[in-house]
Amino acid sequence: MAERFTKSMARNIYLGGSTFFILLFLVLTFDTQSRAMPERDNRDKLTEQVVRGKHVWENNNCVGCHSLMGEGAYFAPELANVFDRRGVGDSDIFKAYMNAWMNAMPTNVPGRRQMPQFNLTDQEINDLSSFLEWTSKIDDNGWPPNIEG
Amino acid sequence: MKYQSQRVAMPYFIFALILFAGQIVFGLILGMQYVVGDFLFPEIPFNVARMVHTNLLIVWLLFGFMGATYYLVPEEAQTELYSPLLAWILFWVFAVAGTLTILGYLFVDYATLADITMNKLLPTMGREFLEQPTITKIGMALVFAGFLFNIIMTALKGRKTVVNIVLITGLIGLTVLWLFSFYNPSNLTTDKYFWWFVVHLWVEGVWELIMGAILAYVLIKITGVDREVIEKWLYVIIAMALITGIIGTGHHFFWIGPPEYWLWLGSVFSALEPLPFFMMVLFAFTMINRRKRNHPNKVAALWAMGTAVMAFLGAGVWGFLHTLAPINYYTHGTQLTAAHGHMAFYGAYVMIVLTIISYAMPIMRGRPYGNSNTAQVVEMWGFWLMTISMVFITLFLTGAGILQIWLQRIPESGEALSFMATQDNIAIFYWARMIAGCFFMAGLVVYFGSFFIKGQASFDEEVHSGPALQDA
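For the structure given in this document, a descriptive report is provided here. (Residues numbered from 1 in each chain as written. Chains lettered and ligands numbered in written order. Predicted model: local features only at pLDDT ≥ 70, side-chain atom pairs only at ≥ 80, totals over all residues. Heavy atoms only, no water.)

Let's talk about the overall build of chain B
A count of helices and strands for chain B gives 16 helices and 0 strands. Against the globule reference of 23 Å for 472 residues, chain B gives a C-alpha radius of gyration of 22 Å, in line with a compact fold. Each principal axis of the C-alpha distribution contributes one length, and for chain B these read about 75 × 45 × 45 Å. When contacts within chain B are restricted to residue pairs at least 6 apart in sequence, those whose partners lie at least 24 apart make up 82%. (Helix = DSSP H or I, 4+ residues; strand = E, 2+ residues; numbered from the N terminus. Rg over C-alpha atoms; globule rule 2.2 N^0.38 Å. Contact = heavy atoms within 4.5 Å.)

Next comes the structure, spelled out in structure tokens:
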């Protein structure tokens, strides 16, 4: 670096640049959270049951194998759109599917990836289903590209 | 070593390396489960092994950062550590809490673990990388706070160097951002948004300050280049890191609910995120080319150049590959993400910790000029075996990812293969990755072996034409 470019100039770029972008990030966060998100995450449909379902999701570490909106582990299928894939967009069909699926685990097919038996109650399975249904309706800019997730 | 209290870094480094070994063992288990699905099922389900693998990584890197800090801050400040006793107490608190948490993952069913640690009172568990019980998270916050107090008190009573200021700024950021791990709103989109305040703003934000400071310190020591020059580089690098990385958080906001303007902001700013890493490559190589002394610890210089190059490839190039929104639409959450994650963490954070260990451990063991030539050669073998293996792990996961995207993501609904059918089709890449993983493990064993070779580098007057080693 040329001698004209001094250490104090470098420090000022660091301090000025980082301060500016921290402030900009805070402004954008405020806009995202207060103005944009309420219209995109259908929070008016965020019922008690959905909240309980999120706890079932978390307490069993589902994200340790699955991804949800593309985040998590990549060992098992994406579940943000499983309501559309397996429930064909119908709450009752989806709940019936979930009940059958959760109770059939693990398959114990030799050599295949196994999903543990979590011993969820019917209530917990219904809560989890509601959570996944609500999640499937978040406006996420049209992701994933197709039904397979 | 100028100050006795620097020695408290030693247990931190040793424990970090032990956890590193554990991380790799669980990495191999995960690799096997990718190809033999029911491997170790139901004793160690995939989610448990993955939690252990990623949490061990985070915890051992934190141990490494803390060891680096305890080692270099007193020397930079030219004073003894404020309280070596506090550093020892926090070491045991963190080591015991960390070990108990990992044992909890392995021997207690996760839902039961959530129950007995009273997750209900303040639910924070069950989110990727933040799986720790709330009580562990609180313990970590207290350890960070006590550590910061000790370090800040040390720095304040001595010389204020740029390396210390940047390092401590990074550590304050690390501690403050950790507090977001306690925020778990019931709205998933809000939860995810602020989850990234820990995850992204750590690894693509404040951790880069920590990495830059450690790299600058080691370069000052081994090259003897004027501090003014190195500090100027450091400021430019961290300026680029924060200017690009903060708004660059937007590349995680594409598909989790936030509005469309993040598609533009995230793409543009994160496309610039390779810049600070590219500057680190120029920095390391320029300083070593302009060195005023030939430090006999050659392998430390190798690690310093290696971390810059691999961080640039892993975080910079592999990050850029899939960061633009139109591309990320297809690649998000595939094996390409895993490829990037592996090389970025190894290059930037594993290797910077191994750099400072390579420089500082011999000194703490009474070998001021570094380990013997034999030990250094063995350590270099460890370096190349681990690094080349990681390159192959990354390439194989990249192959898996590209094929996965081709089969599962690009075709229309109805024509695309299902997730599981796709996995069967890309199994060959997982087998290849597994083999590369075994070579990585071999490299780690060789690396560990280098610590047990006796003797030290000899002091050669001829190579010390520059300032004396102890003066930097």
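Now, onward.
Quick look at the packing of aromatic side chains
Per the stated rule, a full pass over the model turns up 58 aromatic pairs over all chains. When the centroid spacing of 5.6 Å and the interplanar angle of 70° are considered together, the rings of B:Phe254 and B:Trp255 count as edge-to-face. As far as the burial class goes, B:Phe254 and B:Trp255 line up, both buried. Between B:Phe278 and B:Phe312 the ring centres are 5.4 Å apart and the planes differ by 55°, which places this aromatic pair in the tilted class. Placement of the pair is B:Phe278 in helix α10 (residues 274-289) and B:Phe312 in helix α11 (residues 298-321), with a sequence separation of 34 residues. Among the residues examined, B:Phe312 registers a relative accessible area of 21% and is labelled partly exposed. These aromatic residues form a ring-pair network of at least three members: A:Phe25, B:Phe180, B:Tyr183, B:Tyr193, B:Phe194, B:Phe197, B:Phe253, B:Tyr261 and B:Trp262. The cationic tip of A:Arg113 hangs over the ring face of A:Phe75; the distance from NZ or CZ to the ring centre is 4.5 Å. Geometry around B:Tyr34 places B:Arg433 over its ring, the cationic atom sitting 5.1 Å from the centre. (Phe/Tyr/Trp six-rings, centres within 6.5 Å; stacked < 30°, edge-to-face > 60°. Buried < 20%, exposed > 50% of the residue type's maximum accessible area, 1.4 Å probe, protein only. Lys NZ or Arg CZ within 6 Å of the ring centre and 35° of its normal.)

Quick word on helix α8 (residues 227-248) of chain B
Look at α8(B): 31 Å from first C-alpha to last across 22 residues, which is about the 32 Å you get at 1.5 Å a residue. Taken across its 22 residues, α8(B) has 19 buried, putting it largely inside the fold. (Expected span 1.5 Å × (residues − 1).)

A look at the interface of chain B and chain A
Note on interface size: it is often stated as the accessible area lost on association of the parts. At the interface, 89 residues of chain B touch 71 residues of chain A. Regarding the contact of chain B and chain A, the summed buried area is about 6,700 Å², with carbon and sulfur atoms giving 63% of it. Together, B:Leu188, B:Lys232 and B:Tyr235 form the three largest contributors to the area buried by chain B at its contact with chain A, with a combined 10%. Summed over the shared surface of chain B and chain A, the result is 5 salt bridges. The partner of A:Lys7 in a salt bridge is B:Glu228, with the nearest N and O atoms 3.1 Å apart. Taken together, chain B and chain A are joined by 41 residue pairs in polar contact (both at pLDDT 80 or more). Along the lines of polarity and charge, the residues of the side of chain B that touches chain A split into 50 nonpolar, 24 polar and 15 charged. (Buried area = accessible area lost by both parts, 1.4 Å probe. Salt bridge = Lys/Arg side-chain N within 4 Å of Asp/Glu carboxyl O. Polar contact = N/O pair within 3.5 Å; in protein donor to acceptor, adjacent residues only side chain to side chain. Nonpolar A, V, L, I, M, F, W, Y, C, P; charged D, E, K, R; others polar.)

Structural notes on the pattern of salt bridges
Note that side chains of opposite charge can pair when their charged atoms are close. Considering all chains together, one arrives at 17 salt bridges over all chains under this definition. Of the charged contacts in the structure, one is a salt bridge between A:Arg40 and A:Asp139, with a shortest N-O distance of 3.5 Å. In this pair, A:Arg40 sits in helix α1 (residues 7-40) while A:Asp139 sits in the segment after α5 (122-136), placing the two residues 99 residues apart along the sequence. Of the residues examined, A:Arg40 reaches a relative accessible area of 10% and is grouped as buried. Measuring nitrogen to oxygen at the nearest pair gives 2.8 Å for the salt bridge that ties B:Arg50 to B:Glu128. Here the residue B:Arg50 occupies a position in helix α2 (residues 46-77), and B:Glu128 occupies one in the loop between α4 (110-116) and α5 (134-156), the gap between them amounting to 78 residues. With a relative accessible area of 13%, B:Arg50 lands in the buried category. Connected through shared salt-bridge partners, A:Lys7, B:Glu76, B:Arg227, B:Glu228 and B:Glu231 make up one network.

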